[in-house]
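Observations on the model geometry
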Amino acid sequence: DFTYTDASISLSQKNITFNGNGKTLTYVNKNSAGNKGSGKDERALLTISSTGTVVINDLKIALGQTAASNSLITALSITGAGADVTLKDCEFTSNRMAVWVTGAKAKLTIDGGTYEATNGATVRFKATNGECVIKGGTFNQSAGNYIVNAETFKTLTINGGDFNRSKDSSMSILYACTTAGGEINITGGNFRYLAAGSS
């Protein structure tokens, strides 16, 4: 387990396996100004800028206390063009996105684990010609945002998983921009609104 303050971690090696061994990376921000001034703290705690194959096993990322008045923290950001990233049995908790993919032609595979976000989508995919495959896992949204937000993508495949919204909201569990094109294939999974007022 490791707690780090006012910093971020970056993986840029071409091919890497990152075994978390069930340990937790906890981020604590003691600087009220954050990293963008005016009390704002907006960052990704772990960034993958690799263009190769990255496997992350059994890693936990947690958001601890922050002194910033406006805290928007993403657990994992994938920015590498063509990166092929697999998350296996990870546990990410953040108050923005749990996983955010922007690298062109990047591929994200999620196979098990738990992912939770509040101020942003749990999984946000904005990658030109990118692919996202969800084989399983638990995806929780406890505020008014999407669970999966596919803005720009080539294919989105959901073969399983539990997608749970636990707060009244008019926002959908799965959102895909109609102007971005792309193909969505859903062959399994449980999609639940746990709050009575949700639509």
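Everything below is about the structure printed above this text.
Owing to the predicted nature of the structure, the values given are computational and were not obtained by experimental measurement. (Residues numbered from 1 in each chain as written. Predicted model: local features only at pLDDT ≥ 70, side-chain atom pairs only at ≥ 80, totals over all residues. Heavy atoms only, no water.)

1. Notes on the pairing of strand β7 (residues 60-66)
Bridge count for strand β4 (residues 24-29) against β7 is five bridges, and the pairing is parallel. When the bridges of β7 are listed, threonine 24 appears paired with lysine 60. Pairing geometry for β7 and strand β9 (residues 84-93), over two bridges, is parallel. Pairing of lysine 60 across the sheet is with glutamate 91, part of β9. (Pairing = 2+ DSSP bridges. Helix = DSSP H or I, 4+ residues; strand = E, 2+ residues; numbered from the N terminus.)

2. Comments concerning the sheet that holds strand β10 (residues 99-101)
Pairing in this open sheet of seven strands is parallel, and the strands run β2-β5-β8-β10-β12-β14-β17 from one edge to the other. The sheet is open, and its two edges are formed by β2 (9-11) and β17 (174-176), each paired on a single side. Each strand of the sheet is rotated relative to its neighbour by a mean of 20 degrees, with strand direction disregarded. Taken together, the three bridges between strand β14 (residues 148-152) and β17 define a ladder with parallel strand orientation. Counterpart to asparagine 149 in the pairing with β17 is tyrosine 175. (Axes fitted to C-alpha atoms, helices over the stretch in contact; angles between N-to-C directions.)

3. Structural notes on the nonpolar core
Membership of the largest hydrophobic core comes to 41 residues, with the highest contact counts inside it found for Ile78, Leu87, Phe92, Val99, Leu108 and Tyr115. Once residues lying within four places of it in the same chain are set aside, the contact partners of valine 99 are Leu76, Ile78, Leu87, Phe92, Leu108, Tyr115, Thr122, Val123 and Arg124. (Core = buried A, V, L, I, M, F, W, Y, C linked by side-chain atoms within 4.5 Å. Buried < 20%, exposed > 50% of the residue type's maximum accessible area, 1.4 Å probe, protein only. Contact = heavy atoms within 4.5 Å.)

4. Things to note about unusual backbone geometry
Of note in this structure, aspartate 89 is not a glycine but carries a positive phi near 55 degrees. Residue placement: aspartate 89 occurs in strand β9. Here the phi dihedral of lysine 105 falls at roughly 60 degrees; this positive angle occurs in a residue that is not glycine. Tracing the sequence through the fold places lysine 105 in the loop between β10 and β11 (107-117). By relative accessible area, lysine 105 is classed as exposed at 58%.

5. Thoughts on the environment of arginine 124
Residue placement: arginine 124 occurs in strand β12 (residues 123-126). In this structure arginine 124 comes out as buried when scored by relative accessible area, which is 17%.

6. Some thoughts on the pattern of salt bridges
One pass over the full model with this rule turns up six salt bridges. The salt bridge involving glutamate 151 is made with arginine 124; its shortest N-O contact spans 2.4 Å. Residue glutamate 151 is found in strand β14, and its partner arginine 124 is found in strand β12; the two are separated by 27 residues along the sequence. Here arginine 192 and aspartate 162 are joined by a salt bridge, their closest N and O atoms 3.2 Å apart. Of this pair, arginine 192 sits in strand β19 (residues 190-193) while aspartate 162 is found in strand β16 (residues 162-165), placing the two residues 30 residues apart along the sequence. In the salt-bridge network here, residues are joined through shared partners; they are Lys40, Glu42 and Arg96. (Salt bridge = Lys/Arg side-chain N within 4 Å of Asp/Glu carboxyl O.)

7. Thoughts on the state of the cysteines
This structure, assessed with the given rule, holds zero disulfides. Considering cysteine sulfurs only, cysteine 132 is the nearest to cysteine 90, which forms no disulfide, with 14 Å between them. (Disulfide = S-S within 2.5 Å.)

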